[in-house]
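Reading the structure
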Amino acid sequence: MSLVYSEEQQLLADTAAEFLMAKSPVTAQRKLRDEDVAEGFDAALWREMVDMGWSAIPFPEALGGLAFGCKGLGAVFEQIGRNLSASPLLSSVVLGGSVIELAGSEAQQAEWMAALIGGDKRIALAVDETPRHDPAAVALRATRAGDGYVLTGSKAFVADGVGADAFIVAARTGGQPGEQGGISLFIVAADAVGVQVLTMKTLDSRNHATVVLNEVRVGAAALLGAEGEGFAALDAALDRGRVCLAAELLGATQSLFDTTVEYLKTRVQFDVPIGSFQALQHRAAWCYAHLQLARSAVMAGLAAMDDPALDAAARARMASLAKWKAGDVAHRISREAVQMHGGMGVTDELDVGLHLKRIRVAQASLGDGDFHVQRYGDLSTAEA
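Residues numbered from 1 in each chain as written. Predicted model: local features only at pLDDT ≥ 70, side-chain atom pairs only at ≥ 80, totals over all residues. Heavy atoms only, no water.

1. Regarding the overall build of the protein
Looking only at helices and strands, the protein has 11 helices and 10 strands in total. For 384 residues, the compact-globule estimate of 2.2 N^0.38 gives 21 Å, and the C-alpha radius of gyration of the protein, at 21 Å, lies within 12% of that figure. Referenced to the eigenvectors of the C-alpha coordinate spread, the extents of the protein come out at roughly 80 × 50 × 35 Å. In the protein, which comprises 384 residues, the share counted as buried stands at 54%. Taking the contacts inside the protein whose residues are at least 6 apart along the sequence as the reference set, 75% of them involve residues at least 24 apart. Of the accessible surface of the protein, which amounts to about 16300 Å², a share of 55% is contributed by carbon and sulfur atoms. (Helix = DSSP H or I, 4+ residues; strand = E, 2+ residues; numbered from the N terminus. Rg over C-alpha atoms; globule rule 2.2 N^0.38 Å. Buried < 20%, exposed > 50% of the residue type's maximum accessible area, 1.4 Å probe, protein only. Contact = heavy atoms within 4.5 Å. Areas by Shrake-Rupley, 256 points an atom, 1.4 Å probe, with all protein chains shown as cover.)

Set out below in structure tokens:
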């Protein structure tokens with residue numbers, strides 16, 4: 001398992017860095033926030049990302065993809081994190097597209113994959129119903145009605161839900177909340193009767209929504225995979241999203257660290273740069289060491305997603321390890337960045353605060369540290 005990018009992956013990372021620095025720097029995210037753009041991203045920029053092939057990276061060639069794997073995606077997401085670039089790449093492509101790839105029929109794949117890869121449509125994954133991520137805790141019910149189903153309930157924190165063309169909704173057709181069995185996946189059109197999309201305000205000013213389904217009727221063709229057996233495909237897609245989000249966290253944290261080190265070199269106090277103070281040097285050294293540990297965990301998680309020799313449980317453990325470590329280090333280094341910048345660290349004048357806000361939301365998305373520590377332990381115990 002390689003813990004470094006290959007030559008091709010590094011070239012992709014360099015291209016992404018150059019493109020995003022020119023077209024979507026942190027100032028662009030600040031502008032989206034200040035203008036309160038409902039979709040949370042620049043549609044023209046998203047079109048350019050699609051034209052560059054980013055939306056095709058993870059999928060096999062048979063589905064119109066580039067078969068470049070999650071490690072290729074990780075190279076892009078790390079640069080997305082560095083620049084705080086907003087796009088539906090994670091929500092529509094990595095999460096939504098992966099569910100359709102893993103659980104969809106040939107007809108469903110034919111209908112959706114080309115549209116998602118081509119950026120012609122957006123789909124959002126609607127899983128969580130409470131502030132804490134737990135895909136097994138689905139309570140939203142789907143009951144049989146004739147040759148279709150009726151869905152009733154609500155979903156929270158649906159990433160890029162505003163403006164999406166459809167939702168992949170995790171619903172319970174059997175069992176009880178907390179059980180993995182009995183969860184089914186449905187494609188629900190955003191304009192279906194009974195669907196209501198409400199904007200949620202989040203700390204990072206991104207596009208999040210509450211999706212309410214009030215007796216929404218869908219046909220049998222809306223079901224992805226077998227009834228009651230959707231959890232495996234859902235969890236595998238979530239793991240892809242978790243490692244990509246971990247790569248984004250890594251990039252955002254690296255940017256904060258670089259900014260802070262530069263500040264230590266230039267900020268003068270008592271007629272010397274504050275970086276000459278041994279106490280601050282020790283704290284910076286700690287940050288550097290743990291940032292490298294996080295990088296190793298993230299690279300291992302990305303590689304695990306692409307390794308056919310690993311079983312689902314092994315990939316899941318590596319995904320949880322990557323998301324936990326990236327989130328933990330991001331939390332610690334973002335605190336250090338604020339403290340070392342002093343009072344300026346929490347003002348809107350500096351980009352430090354924008355990174356901090358995005359990091360806090362990304363930490364909680366697709367499972368916070370507590371969730372992934374528990375999950376890693378459960379998976380390890382089950383294997384033993």
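2. Topic: the nonpolar core
Counting residues in hydrophobic clusters, the biggest one holds 86 residues, and the most contacted among them are W54, V76, F77, L89, I123, L125 and I168. The element best represented in this core is helix α7 (residues 231-266), accounting for 15 residues. Excluding residues within four positions of it along the chain, I123 makes contact with S91, S92, G96, I100, W112, L116, A166, F167, I168 and I187. (Core = buried A, V, L, I, M, F, W, Y, C linked by side-chain atoms within 4.5 Å.)

3. Examining helix α2 (residues 26-34)
Of the residues making up α2, those classed as buried are V26, Q29, R30 and L32. Around the axis of α2, the buried residues are gathered within 160° of arc, so they sit on the same side. Of the exposed residues in α2, those oriented more than 90 degrees away from the buried face are T27 and D34. Contacts made by the buried residues of α2 are with α4 (69-83) and α10 (352-364). D36 sits one or two positions beyond α2 and adopts a positive phi of about 55°. (Arc of directions from axis to C-beta.)

4. Some details on the packing of aromatic side chains
Taken as a whole, this structure holds three aromatic pairs when the rule is applied. Between F257 and Y288, the ring centres sit 6.3 Å apart and the planes meet at 40°, which makes this aromatic pair tilted. With F257 in helix α7 and Y288 in helix α8 (residues 278-305), this residue pair connects regions lying 31 residues apart in the sequence. Just above the ring of W112 sits the side chain of K121; from NZ or CZ to the centre is 5.1 Å. (Phe/Tyr/Trp six-rings, centres within 6.5 Å; stacked < 30°, edge-to-face > 60°. Lys NZ or Arg CZ within 6 Å of the ring centre and 35° of its normal.)

5. Some points on the pairing of strand β4 (residues 166-172)
Burial analysis of β4 places seven of its seven residues in the buried class, the great majority of the element. Of the two faces of β4, both are covered, the one formed by A166, I168, A170 and R172 as well as the one formed by F167, V169 and A171. Pairing analysis gives four bridges linking strand β1 (residues 123-126) to β4, with the strands arranged parallel. What sits directly across from L125, in β4, is I168. Bridge count for β4 against strand β5 (residues 183-189) is seven bridges, and the pairing is antiparallel. The residue bridging R172 from the neighbouring strand is I183, located in β5. (Pairing = 2+ DSSP bridges.)

6. Focus: unusual backbone geometry
Positive phi, normally seen in glycine, also occurs at D36, with a value near 55°. Judged by its relative accessible area of 51%, D36 is exposed. Positioned with a positive phi, A67 is a non-glycine residue whose angle comes to about 55°. In this fold, A67 is placed in the loop between α3 (43-51) and α4. We classify A67 as partly exposed; its relative accessible area is 47%.

7. Considering the packing of α7 against helix α11 (residues 369-383)
Remark: α7 packs on α11, axes separated minimally by 14 Å, with the N-to-C direction vectors making an angle of 125°. Our classification of the angle between α7 and α11 gives oblique. Every pair of crossing elements has a handedness; the one defined by α7 and α11 is left-handed. Between α7, through D235, D239 and R242, and α11, the contact on the second element is made entirely by F371, H372 and R375. For the contact of α7 with α11, the residue count by class is one nonpolar, one polar and four charged. (Axes fitted to C-alpha atoms, helices over the stretch in contact; angles between N-to-C directions. Parallel < 35°, antiparallel > 145°, perpendicular 65-115°, else oblique. Left-handed = near helix turned anticlockwise from the far one by under 90°. Nonpolar A, V, L, I, M, F, W, Y, C, P; charged D, E, K, R; others polar.)

8. Quick word on the pattern of salt bridges
Summed over the entire model, instances satisfying the criterion amount to 24 salt bridges. Two residues, D34 and R33, come together in a salt bridge whose shortest N-O distance is 2.8 Å. For R33, a relative accessible area of 21% puts it in the partly exposed group. One salt bridge connects E227 with R144, and the closest N-O pair in it is separated by 2.9 Å. Note that E227 is positioned in the loop between β8 (223-224) and α7 and R144 in strand β2 (residues 141-145), a separation of 83 residues in sequence. On the accessibility criterion, E227 (33% relative accessible area) is partly exposed. Residue R144 is classed as exposed on the basis of its relative accessible area of 58%. Salt bridges sharing partners connect three or more residues here, namely R30, R33, D34, D348 and D351. (Salt bridge = Lys/Arg side-chain N within 4 Å of Asp/Glu carboxyl O.)

In short, shape yes, function no, at least from these values alone.
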